[in-house]
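Residue-level listing of the chains:
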Amino acid sequence: MLQAQHLTKTFGSLAAVADISFDLLAGQTLAILGPSGCGKSTLLALLAGLVRPDSGSVLWEGQPLDDTPTHRRNFGLMFQDYALFPHLNVADNVAFGLHGPDKHRAAANMLARLDLAGFEKRDVQTLSGGEAQRVALARALAPRPRLLMLDEPLGALDRALREQLTAELRGLLGEFGQTAIYVTHDQQEAFGIADQLLVMQNGRAIQLADPETVYRHPATDWVRRFLGPARLASGRVAADGIHTDLGWWPAPPGDALHMGDEVTLLVRAEGVRKR
Ligand code: ADP
Ligand code: MG
């Protein structure tokens, strides 16, 4: 569906986005994960056509979008600051991007899907942060854009609410077959939503893989540390498992290991059980 090819954007001497390429398949969610300032929002702006790349290209179904302006790309965008229209009520906010006689029914359905039935007439300024973000999600999803891009959409919410909304959003995206890009600096959110994960550092794509691969086989030491506390143990594969300087460990399932291999074992606290 979407292809990013060698996208690069510099601001002065800073390479905010440096030679980033990826493909996104229809119906999949790509999470872009990296610390603040690593270039995530700039990458989204390049994809949306809000910023022109210095080099590289964005393609949709094989067609370059270089000359397609933002409003004709049919991409939806949602940001952390909900940007709800303060003068419109909840239903009119959600119906804003919709057309035709059924638009209010479609808006009401979408609100119901986000547990907001009965909120139609509410003034958006009376909503809690979590409710406002649900309305913003409903508004972003309602027009069914061919690509939905979410830039740290839950960043202002507390941890419990973020977890709940991440799970709900993943369910909705899957159910709608919505192709999406989800930008966050939060590892848990990224792992909670992603089919594919792009890890960014200083404008570069450090790793592009499915979440399990990133978790189990981080491409660099930096990625490993960014994903949370873990110990490395060097060892050797034996018939009964792996013997390391941190003791004996069973061989991780799914990895092609051979007797006598020298290996480095990545041990995460949540992967260890007492017995
Ligand atoms: P992120 O979204 O990952 O926090 P950004 O894409 O917003 O990162 O920014 C990446 C880098 O590019 C930052 O160092 C930021 O200061 C810089 N940057 C972003 N936009 C501009 C701009 N319009 N002019 C100059 N520098 C910018
Ligand atoms: Mg950003």
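In what follows, the structure referred to is the one given above.
Residues numbered from 1 in each chain as written. Chains lettered and ligands numbered in written order. Predicted model: local features only at pLDDT ≥ 70, side-chain atom pairs only at ≥ 80, totals over all residues. Heavy atoms only, no water.

Chemist: Help me get a handle on the site of ligand 1, residues and values and all.
Modeler: Lining the immediate surroundings of ligand 1 are Phe11, Leu14, Ala16, Pro35, Ser36, Gly37, Cys38, Gly39, Lys40, Ser41 and Thr42. Contact between ligand 1 and Gly37: an oxygen atom at 2.6 Å from a main-chain N or O atom of the residue. A distance of 3.1 Å separates an oxygen atom of ligand 1 from a polar atom in the backbone of Gly39. Of all the elements in the fold, those that place two or more residues in the shell around ligand 1 are strand E2 (14-24) and helix H1 (40-48). A total of three residues in the shell around ligand 1 trace back to one element, the largest contributor, which is H1. (Near = heavy atom within 4 Å. Polar contact = N/O pair within 3.5 Å; in protein donor to acceptor, adjacent residues only side chain to side chain. Helix = DSSP H or I, 4+ residues; strand = E, 2+ residues; numbered from the N terminus.)

Chemist: Tell me about the nonpolar core, and name the residues and values.
Modeler: Val94, Met110, Leu127, Leu141, Leu169 and Leu197 are the most contacted members of the largest nonpolar core, which totals 45 residues. Considering each element in turn, this core owes the most residues, seven residues, to helix H4 (residues 129-141). Leu169 has contacts with Leu137, Leu141, Leu150, Tyr182 and Ile193, leaving out every residue within four places of it along the chain. In terms of nonpolar packing, the next biggest core, distinct from the first, is built from 25 residues, Phe22, Leu65, Leu147 and Ile181 among them. (Core = buried A, V, L, I, M, F, W, Y, C linked by side-chain atoms within 4.5 Å. Buried < 20%, exposed > 50% of the residue type's maximum accessible area, 1.4 Å probe, protein only. Contact = heavy atoms within 4.5 Å.)

Chemist: For the pattern of salt bridges, give the residues involved together with the corresponding values.
Modeler: Pairs may arise between side chains of opposite charge once their charged atoms sit close together. If you walk through the whole model with that rule in mind, you get 14 salt bridges. The salt bridge involving Glu175 is made with Arg113; its shortest N-O contact spans 2.0 Å. Remark: Arg113 occurs in helix H3 (residues 103-113) and Glu175 occurs in helix H5 (residues 159-176); sequence separation between them is 62 residues. Across the pair Arg216 and Glu212 runs a salt bridge, and its minimum N-O distance is 3.3 Å. On the criterion of helical spacing, the pair formed by Arg216 and Glu212 is a turn pair, its members being four residues apart in helix H7 (residues 211-216). According to the relative accessible area criterion, Arg216 is partly exposed, its value standing at 27%. Of the residues examined, Glu212 reaches a relative accessible area of 48% and is grouped as partly exposed. Here the salt bridges do not stand alone but share partners, grouping Arg159, Arg162, Asp186 and Glu189 into one network. (Salt bridge = Lys/Arg side-chain N within 4 Å of Asp/Glu carboxyl O.)

Chemist: I'd like to hear about H4, residue by residue, with values.
Modeler: An ideal rise of 1.5 Å per residue puts 18 Å on 13 residues; H4 measures up with 18 Å between its terminal C-alpha atoms. Among the 13 residues that make up H4, eleven are buried, leaving the element largely enclosed by the rest of the structure. Listed as buried for H4 are Gly130, Ala132, Gln133, Arg134, Val135, Ala136, Leu137, Ala138, Arg139, Ala140 and Leu141. In the core, the buried residues of H4 are packed alongside strand E6 (75-79), helix H2 (90-95), H3, strand E7 (147-151) and H5. (Expected span 1.5 Å × (residues − 1).)

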